[in-house]
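# Fold and geometry: a report
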Amino acid sequence: MKKCLIFVLFALFTQAVVAEIQVTDVWVKESIPGTNTSALFATLYNTTRKPTELIKVMVEGVDKAELHTHNEQDGMMQMRRVAAIDIGARATVTLAPGGFHVMLFQLKTPLKAGAEVAVEFRFSNGEHVAAVAKVVNPHQTGDHQHHH
Ligand SMILES: [Cu+2]
């Protein structure tokens, strides 16, 4: 009887841990002094056979977060708000500078490189995925990084 209960608890636990949507590489741009906006990026992988959509992102210390995309209009790159970001079956969608991003408005405190903020991604299939975003200065990372 006891063994059986332990098995049930284990099954419940594993079910809660295995996310259908995997969220990785979550990062936020360091905010520019004098502004209270920033942008958040991530890689989203839909492990299921059903398409889903990213519909909302909640970020610690941020009052307003909108899903945005970039598109070219008359030779100019412009940002546009979207209601949702489609993620096909077994597909990966990358939110990256120049493409999809989560625009953050009304930051309560400036975002400093090296800090971490709690984030929750909400999908149209009802799944909520918690993640931790690293605050990054995009000019201090990547191939151009200098080691002092
Ligand atoms: Cu934007």
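As shown above, the structure is provided for reference.
Notes on the structure in this doc start here. Worth saying up front: this structure is predicted, and the values here are computed from it rather than measured.

### Details of the overall build of the protein chain
- Across its full length, the protein chain holds one helix and ten strands.
- Seen in sequence order, the protein chain has helices and strands lined up from the N terminus as α-β-β-β-β-β-β-β-β-β-β.
- Burial statistics for the protein chain: of 148 residues in total, 20% are counted as buried.
- The long-range share in the protein chain, meaning contacts at least 24 apart out of those at least 6 apart in sequence, stands at 68%.

### Quick notes on the environment of N46
- With respect to the secondary-structure elements, N46 resides in strand β2 (residues 38-46).
- Setting aside its immediate chain neighbours within four residues, N46 contacts I21, T52, I87, G88, A89, R90 and A91.

### Regarding the nonpolar core
- One finds L40, A42, L54, V59, V119 and A133 to be the most contacted residues of the largest nonpolar core, which totals 25 residues.
- Contributions of two or more residues to this core are made by β1 (21-29), β2, β3 (52-59), β4 (62-73), β6 (85-87), β8 (101-107) and β9 (116-123).
- Here this core gets five residues from one element, more than from any other, and that element is β1.
- Among residues more than four places away in sequence, those in contact with A42 are V23, D25, V26 and L95.

### Structural notes on the pairing of β3
- In this sheet, β6 lies alongside β3 in antiparallel orientation, the contact comprising three bridges. If you follow L54 over to β6, its bridge partner there is I85.
- Note: β3 against β9, five bridges, orientation antiparallel. Residue pairing for β9: M58 is matched across the bridge by E120.

### Considerations on the environment of I55
- Residue position: I55 is located in strand β3.
- Between the C-alpha atom of I55 and that of A83, which follows or precedes it by 28 residues, the distance is 6.7 Å.
- In contact with I55, other than residues within four places in its own chain, are A84, R122, F123 and S124.

### Quick notes on unusual backbone geometry
- The backbone of D25 sits at a positive phi, close to 50°, despite the residue not being glycine.
- Among the structural elements, D25 can be located in strand β1.
- Accessibility expressed as a C-beta count within 10 Å gives 14 for D25, which makes it partly exposed.
- Despite not being glycine, D74 shows a phi value in the positive range, around 50°.
- Position of D74 among the secondary structure elements: in the loop between β4 and β5 (76-81).
- For D74, a count of 5 C-beta atoms within 10 Å puts it in the exposed group.

### Comments concerning the pairing of β5
- In terms of burial, β5 is a largely surface element, zero of the six residues being buried.
- The sheet contact formed by β4 and β5 spans six bridges and is antiparallel. If you follow N71 over to β5, its bridge partner there is Q78.
- Taking the residues between adjacent antiparallel strands as the criterion, β4 and β5 are bridged by two residues, where D74 takes a positive phi near 50°.

What counts as what
Residues numbered from 1 in each chain as written. Predicted model: local features only at pLDDT ≥ 70, side-chain atom pairs only at ≥ 80, totals over all residues. Helix = DSSP H or I, 4+ residues; strand = E, 2+ residues; numbered from the N terminus. Buried ≥ 20, exposed ≤ 12 C-beta atoms within 10 Å, placed from the backbone. Contact = placed C-beta atoms within 7 Å. Core = buried A, V, L, I, M, F, W, Y, C linked by C-beta atoms within 7 Å. Pairing = 2+ DSSP bridges.

Scope: geometric values only; no functional claims are made or implied.
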